[in-house]
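Here are the chains, one letter per residue:
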Amino acid sequence: MATSRICICSPRLSHRRVWELIKKLKQDKRSQIDCIILTLTTGKYSPQQQAAVENMKKAMREAGADVREFESLNCHFAVMDDDLVWYGSMNFLSREHEDDILMRINSESIVKELLAISNQEKSSGTVRK
């Protein structure tokens with residue numbers, strides 16, 4: 001339901017969740033929506049997983065997402081537009097666990113802070129595109 005921006009911070013990726021996102025991005029005809037994915041670098045995965053992870057990242061980019069890679073990333077959140085945040089222990093683009101928790105927060109200031117942190121990391125050179 002986002003109208004202008006989606007930013008998902010999910011350190012880990014899984015095939016099923018990534019392809020669900022790609023399907024939604026391709027179905028959505030609202031080209032004005034920015035979709036940013038913050039995730040770990042491929043090198044943080046086992047050698048057996050790295051080719052699949054690279055393919056998932058490539059597919060997300062081809063679907064229009066701006067995939068930003070971090071050497072270290074341990075937060076989990078999803079920002080929708082300018083005022084909605086889902087924050088907790090769940091990897092949004094990976095497998096869920098029975099004990100995962102999420103909080104839904106309506107707050108422009110929290111959205112601004114989370115986006116500033118991700119942009120600060122990007123400008124400091126710790127992000128690979």
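Residues numbered from 1 in each chain as written. Predicted model: local features only at pLDDT ≥ 70, side-chain atom pairs only at ≥ 80, totals over all residues. Heavy atoms only, no water.

### Quick word on the overall build of the protein chain
Within the protein chain one finds 3 helices and 7 strands. When the helices and strands of the protein chain are read in sequence order from the N terminus, they spell out β-α-β-α-β-β-β-β-α-β. In the protein chain, which comprises 129 residues, the proportion classed as buried is 43%. Here the contacts in the protein chain between residues at least 6 apart in sequence split such that 73% fall between residues at least 24 apart. Counting every atom, the protein chain has about 7800 Å² of accessible surface; 51% of that belongs to carbon and sulfur. (Helix = DSSP H or I, 4+ residues; strand = E, 2+ residues; numbered from the N terminus. Buried < 20%, exposed > 50% of the residue type's maximum accessible area, 1.4 Å probe, protein only. Contact = heavy atoms within 4.5 Å. Areas by Shrake-Rupley, 256 points an atom, 1.4 Å probe, with all protein chains shown as cover.)

### Remarks on the nonpolar core
Ranked by internal contacts, the top residues of the largest apolar core, which has 23 residues, are Ile8, Leu13, Ile37, Met60 and Leu93. Contributing elements (two or more residues each) for this core: strand S1 (5–9), helix H1 (15–27), strand S2 (34–40) and helix H2 (47–62). Counting residues in hydrophobic clusters, the runner-up holds 13 residues, among them Cys7, Ile36, Leu40 and Val111. (Core = buried A, V, L, I, M, F, W, Y, C linked by side-chain atoms within 4.5 Å.)

### Quick look at the pairing of strand S3 (residues 66–70)
Remark: a regular strand shows side chains that alternate across the two faces of the sheet. Taken across its 5 residues, S3 has 5 buried, putting it largely inside the fold. Residues Asp66, Arg68 and Phe70 line one face of S3 and the alternating positions Val67 and Glu69 line the opposite face, and both faces are buried. Here S2 runs beside S3; their pairing, made up of 5 bridges, is parallel. Bridging across to S3, Leu40 finds its partner in Phe70. Traced from S2 through H2 to S3, the parallel crossover comes out right-handed. (Pairing = 2+ DSSP bridges. Right-handed = clockwise from strand over helix to strand, strands pointing away.)

### Thoughts on unusual backbone geometry
Within the chain, Asp81 stands out as a residue other than glycine whose phi angle is a positive 55°. Note that Asp81 resides in the loop between strand S4 (77–80) and strand S5 (84–88). On the accessibility criterion, Asp81 (15% relative accessible area) is buried.

### Considering the confidence of the model for the protein chain
Chain-level pLDDT for the protein chain is 86 on average; 90% of the residues reach the 70-or-more range. The least confident element of the protein chain is strand S7 (residues 127–128), whose mean pLDDT is 39; the most confident is H2, at 96. Note that pLDDT drops below 50 for residues 123–129; the model gives that stretch 19 contacts with residues more than four away or on any other chain. (pLDDT = per-residue confidence, 0-100.)

### A word on H2
Residues that lie three or four places apart on an α-helix share one face, since the helix turns once every 3.6 residues. Compared with the 22 Å implied by 1.5 Å per residue over 16 residues, the 24 Å span of H2 between its first and last C-alpha is a close match. For H2, the complete set of buried residues consists of Val53, Met56, Lys57, Ala59 and Met60. Around the axis of H2, the buried residues are gathered within 160° of arc, so they sit on the same side. For H2, the exposed residues lying more than 90 degrees away from the buried face are Pro47, Ala51 and Glu62. Residues of H2 that are buried in the fold lie against H1, S2 and S3. Count one or two residues on from H2 and you reach Gly64, which has phi positive near 110°. (Expected span 1.5 Å × (residues − 1). Arc of directions from axis to C-beta.)

### Some remarks on the packing of aromatic side chains
This model, assessed by the stated rule, comprises 0 aromatic pairs. The ring of Tyr45 is capped by Arg12, whose NZ or CZ atom sits 4.5 Å from the centre of that ring. (Phe/Tyr/Trp six-rings, centres within 6.5 Å; stacked < 30°, edge-to-face > 60°. Lys NZ or Arg CZ within 6 Å of the ring centre and 35° of its normal.)

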